[in-house]
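Listed here are the chains, written in short residue letters.
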Amino acid sequence: MLDDEATAGLEFAGDVPAARESGAAHGGIMSPQRAQNPGGTLLQLRDVTFSIGAQVILENIDLEIGKGEFVCVVGVSGCGKTTMLRLLAGLLTPTKGAAYYRGAAVSGPQQDIALVFQDYGKALLPWRNAAGNVSLALEPTGVPRRVRAARIEALLKKVGLEGHATKFPGEMSGGMQQGLQIARCLAQTPAVLLMDEPFGALDAMTRQGLQDEILSIVALSGATGFFVTHDTEEAIYLADRVIGLLPRPGRIGTSFTINLPRPRDQITTREHPEFLRLRRELLDFVKAHEA
Ligand SMILES: Nc1ncnc2c1ncn2[C@@H]1O[C@H](COP(=O)(O)OP(=O)(O)OP(=O)(O)O)[C@@H](O)[C@H]1O
Ligand SMILES: [Mg+2]
């Protein structure tokens, strides 16, 4: 991973969009699905092609992500999911077309876009303890030290790391380290969370716990999400919309609107007939295009 990925956007101290489900925190009363794209387009890839030499990695991608929308991307290994995320993050420049954020062409990392990577080991600073790693995102914003400590404590609590503030990454489990990376990203109060298979290396229970943390966080903050995963069930569980990419070259092959009620629940949502129907359709899509 590049250094710019680890630190991109860490100086944000700006506005946060309105809560996506007013007052309805994850785990509360079932609420109806929000209208798609109610706040307009926040992120966009417009006719984007990305090539490396003669190899076309992504071709003619048109994607609009609404403010407060949570989009998941699935597809076989090598189809261009990470490339798509890097284009949205401004870490790569399209060969053709452009990425837009808040209507302006993206030319580099944005301050209010947070990135979460699968490789938490590289994203965290091993010589800083948990509080110190979260503090990294707050220090450039000029938040007074006293206020910072309370914010750090609250963020660690949110990802289940209460009481672990003085532990170093090397003393934490994979799930704890990933939670710490997420806490550091949330310290930015990001308007957008771009996540590249953030839970890929974690066991199923830890993974589900962090899925629910992400849902709870975006429900309360109204943040927009773009989440790459290999796991079709994870995609359906989290998303308002699931995009399926086709490989060689990477293209959008399908798009499913997920009309499952929110807040979602690991048991009832996954047993919902609509969840099972979507899972079947998405698996059929992925299987039909496996190499
Ligand atoms: N720096 C690079 N140089 C050459 N080829 C690259 C480079 N980065 C990516 N690619 C190629 O681009 C294609 C898409 O890569 P990308 O990492 O976006 O796929 P992915 O869908 O994220 O795969 P995975 O699920 O394995 O993470 C692959 O064929 C990969 O080999
Ligand atoms: Mg990838």
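Note: the structure precedes this text.
Computed from a predicted model, the values in this text were never measured in an experiment. (Residues numbered from 1 in each chain as written. Chains lettered and ligands numbered in written order. Predicted model: local features only at pLDDT ≥ 70, side-chain atom pairs only at ≥ 80, totals over all residues.)

We now examine the overall build of the protein. When helices and strands are tallied, the protein shows ten helices and ten strands. Within the protein, the proportion of its 291 residues that are buried is 41%. The long-range fraction of contacts in the protein, counting pairs at least 24 apart against all pairs at least 6 apart in sequence, stands at 74%. (Helix = DSSP H or I, 4+ residues; strand = E, 2+ residues; numbered from the N terminus. Buried ≥ 20, exposed ≤ 12 C-beta atoms within 10 Å, placed from the backbone. Contact = placed C-beta atoms within 7 Å.)

The local shell around ligand 1 consists of Ile52, Ile57, Gly75, Ser77, Gly78, Cys79, Gly80, Lys81, Thr82 and Thr83. At three residues, the largest contribution of residues to the shell around ligand 1 is made by helix α2 (residues 81-89). (Near = placed C-beta within 6 Å.)

With that settled, the discussion passes to the sheet that holds strand β4 (residues 96-101). Across the sheet, which stays open at both edges, the four strands sit in the order β2-β1-β4-β5 with antiparallel pairing between neighbours. The open sheet has two edge strands with one neighbour each: β2 (55-66) and β5 (104-105). Strand direction decides the pairing type here: strand β1 (residues 41-52) and β2, joined by eight bridges, are antiparallel. From the neighbouring strand, glutamine 44 faces β2, where its bridge partner is glutamate 64. Those strands touched by α2 are β1, β2 and β4, and its axis lies near 120° from that of β1. (Pairing = 2+ DSSP bridges. Axes fitted to C-alpha atoms, helices over the stretch in contact; angles between N-to-C directions.)

Contact pair helix α4 (residues 130-138) / helix α6 (residues 174-186): the axes reach a minimum separation of 7 Å and the direction vectors enclose 30°. Accordingly, the angle class assigned to the pair α4 and α6 is roughly parallel. Where α4 crosses over α6, the handedness of that crossing is right-handed. Contacts from Ala130, Asn133, Val134, Leu136 and Ala137 of α4 reach α6 at Leu180, Ala183 and Arg184. Along the lines of polarity and charge, the residues of the contact of α4 with α6 split into six nonpolar, one polar and one charged. (Parallel < 35°, antiparallel > 145°, perpendicular 65-115°, else oblique. Left-handed = near helix turned anticlockwise from the far one by under 90°. Nonpolar A, V, L, I, M, F, W, Y, C, P; charged D, E, K, R; others polar.)

With respect to the element layout, proline 198 can be found in the loop between β7 (192-196) and α7 (204-221). On the neighbour-count criterion, proline 198 (27 C-beta atoms within 10 Å) is buried. When the C-alpha positions of proline 198 and tyrosine 120 are compared, they lie 8.1 Å apart, and in sequence the two are 78 residues distant. Discounting chain neighbours no more than four positions away, the residues touching proline 198 are Val116, Phe117, Gln118 and Gln178.

This part is about the sheet that holds strand β9 (residues 241-246). Spatial strand order, β6-β7-β8-β3-β9-β10: six strands in an open sheet with mixed pairing. One side of each edge strand has no neighbouring strand; the edge strands of this open sheet are β6 (113-117) and β10 (251-257). Along the sheet, successive strands turn relative to each other by an average axial angle of 15°, direction set aside. Where β7 and strand β8 (residues 224-228) come together, five bridges link them in parallel fashion. Across the sheet, residue leucine 194 finds its bridge partner in β8, namely phenylalanine 226. In the packing of helix α10 (residues 273-288) onto the sheet, the strands contacted are β3 (70-74), β9 and β10, and the crossing angle to β10 comes to about 175°.

Structurally, the position occupied by arginine 279 is in helix α10. The class of arginine 279 is partly exposed, set by 16 C-beta atoms lying within 10 Å. Once you skip the residues sitting within four places of it in the chain, arginine 279 turns out to touch Thr232, Glu233 and Ile236.

The subject of this paragraph is the pairing of β6. The buried fraction of β6 is high, at five of five residues. Taking every second residue as pointing to the same face, both faces of β6 are buried, with Ile113, Leu115 and Phe117 on one and Ala114 and Val116 on the other. As paired strands, β6 and β7 are joined by five bridges and run parallel to one another. Paired with alanine 114 across the strands is leucine 193, a residue of β7.

Moving on to unusual backbone geometry. Here the amide bond leading from arginine 248 into proline 249 is cis, since omega sits at -10°, within 30 degrees of zero. Cis geometry marks the peptide bond from arginine 262 to proline 263, where omega comes out at -5°. Topologically, proline 263 is positioned in the loop between β10 and α9 (268-271). Here the phi dihedral of threonine 189 falls at roughly 40°; this positive angle occurs in a residue that is not glycine. Mapped onto the elements of the fold, threonine 189 is located in the loop between α6 and β7. Within the chain, arginine 248 stands out as a residue other than glycine whose phi angle is a positive 45°. For arginine 248, the location among the structural elements is in the loop between β9 and β10.

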